[in-house]
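So the chains spell out like this:
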Amino acid sequence: WQAVQGGDLDTADRLVRSAQRMNPEQINTIIDVAELVRKKFGADPLEKWFRIYYDPMMEHLQRYPNDTLIANNAAWLAAKCGFELDTAHRLASQVVEASPTDTYMDTLAEVEFMRGNAARAIEISEKCRAMKPRDPHHRKQIERFRASNASSK
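It should be emphasised that the depicted structure is a prediction, and the values quoted were computed from it without experimental measurement.

About the cut-offs
Residues numbered from 1 in each chain as written. Predicted model: local features only at pLDDT ≥ 70, side-chain atom pairs only at ≥ 80, totals over all residues. Heavy atoms only, no water. Core = buried A, V, L, I, M, F, W, Y, C linked by side-chain atoms within 4.5 Å. Buried < 20%, exposed > 50% of the residue type's maximum accessible area, 1.4 Å probe, protein only. Contact = heavy atoms within 4.5 Å. 1 Å grid on protein atoms, 1.4 Å probe; cavity = no way out; pocket = protein on both sides within 12 Å on 5 of 7 lines; lining within 4 Å. Points joined across faces, edges and corners; volume = space filled by probe spheres on them. Helix = DSSP H or I, 4+ residues; strand = E, 2+ residues; numbered from the N terminus. Nonpolar A, V, L, I, M, F, W, Y, C, P; charged D, E, K, R; others polar. Axes fitted to C-alpha atoms, helices over the stretch in contact; angles between N-to-C directions. Parallel < 35°, antiparallel > 145°, perpendicular 65-115°, else oblique. Left-handed = near helix turned anticlockwise from the far one by under 90°. Salt bridge = Lys/Arg side-chain N within 4 Å of Asp/Glu carboxyl O.

(A) Spatial organisation of the nonpolar core. Of all hydrophobic cores here, the largest spans 46 residues; its most connected members are Ile30, Trp49, Leu77 and Cys81. Ignoring any residue separated from it by four or fewer positions in sequence, one finds Trp49 in contact with Trp1, Val4, Leu9, Ala12, Asp13, Val16, Ile30 and Val37.

Next comes the structure, spelled out in structure tokens:
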């Protein structure tokens, strides 16, 4: 991500493509720098890199529509990058219906939050926290959603 920080879009693009070929399931490659990419280069390069990871997952889901892990990862990536939120909502909802774990519910909460439904995100995250009360991630999510909900009022 030094290339992104340095404003070298061509090098960053080459490295993202290499990273995806080497480890296509590592969606955090994009998630971890989404905001930095947006600030440095705007939404277009971020969406292009998002699609490098997202589109193969969606193709996989055409063949294997019940793959909850890939559906959840696609929804999480979409929510964290801010693209394809309607599809992310559909996927996350289906995943939670099939397997209502705290991890999958957390993705649905994130999608709801990104769609502007902070109250619904809090409600879902409270259920996650009830399932795993010691998990600090759920507490942090609730705090983030509440802070956003309070500032929007």
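(B) Region of interest: the layout of surface pockets. Of the pockets and cavities examined, the largest pocket occupies roughly 170 Å³. Around the largest pocket, the lining residues are Ile27, Asn28, Asn72, Asn73, Trp76, Asp102, Thr103, Asp106, Thr107, Asp135, His137 and His138. Counting residues per element, the ones that place at least two in the lining of the largest pocket are α6 (68–81), α8 (102–114) and α10 (136–151). A total of 4 residues in the lining of the largest pocket trace back to one element, the largest contributor, which is α8. A per-class count over the lining of the largest pocket returns 2 nonpolar, 7 polar and 3 charged.

(C) Fine view of the packing of helix α5 (residues 43–63) against helix α7 (residues 85–98). Running from N to C, α5 and α7 point in directions that differ by 45°, and their axes come no closer than 14 Å. Viewed along their axes, α5 and α7 adopt a mutual orientation that is oblique. For the crossing formed where α5 meets α7, the hand is left-handed. In this structure, α5 contributes Tyr54, Met58 and Leu61 to the contact, and α7 contributes Thr87, Arg90 and Leu91. Grouping the amino acids of the contact of α5 with α7 by side-chain chemistry returns 4 nonpolar, 1 polar and 1 charged.

(D) Main features of the packing of α7 against α8. Across the interface, α7 lies against α8 with an axial gap of 9 Å and an inter-helix angle of 155°. Classed by the angle they form, the pair α7 and α8 counts as roughly antiparallel. Of the two possible hands of crossing, α7 and α8 adopt the one that is left-handed. Here Leu85, Ala88, His89, Ala92, Ser93, Val95 and Val96 of α7 come into contact with α8, specifically with Tyr104, Met105, Thr107, Leu108, Val111, Glu112 and Met114.

(E) Structural detail: the pattern of salt bridges. Per the counting criterion, the structure on display carries 14 salt bridges. Lys48 is the salt-bridge partner of Asp13, the closest N and O atoms lying 3.6 Å from each other. Pair noted here: Asp13 is in helix α2 (residues 9–22) and Lys48 is in helix α5, with a separation of 35 residues, a long-range link. Overall, Asp13 belongs to the buried group, its relative accessible area being 15%. When its relative accessible area of 42% is taken as the criterion, Lys48 is described as partly exposed. Glu84 is the partner of Arg51 in a salt bridge, and the nearest nitrogen-oxygen pair spans 2.4 Å. Here Arg51 is found in helix α5, whereas its partner Glu84 is found in the loop between α6 and α7, with 33 residues between them in sequence. On the basis of relative accessible area, Glu84 is assigned to the partly exposed category, the value being 32%. Three or more residues are tied together by salt bridges with common partners; here these are Glu47, Arg51, Asp55 and Glu84.

All quantities given are derived from atomic positions and should not be read as evidence of function.
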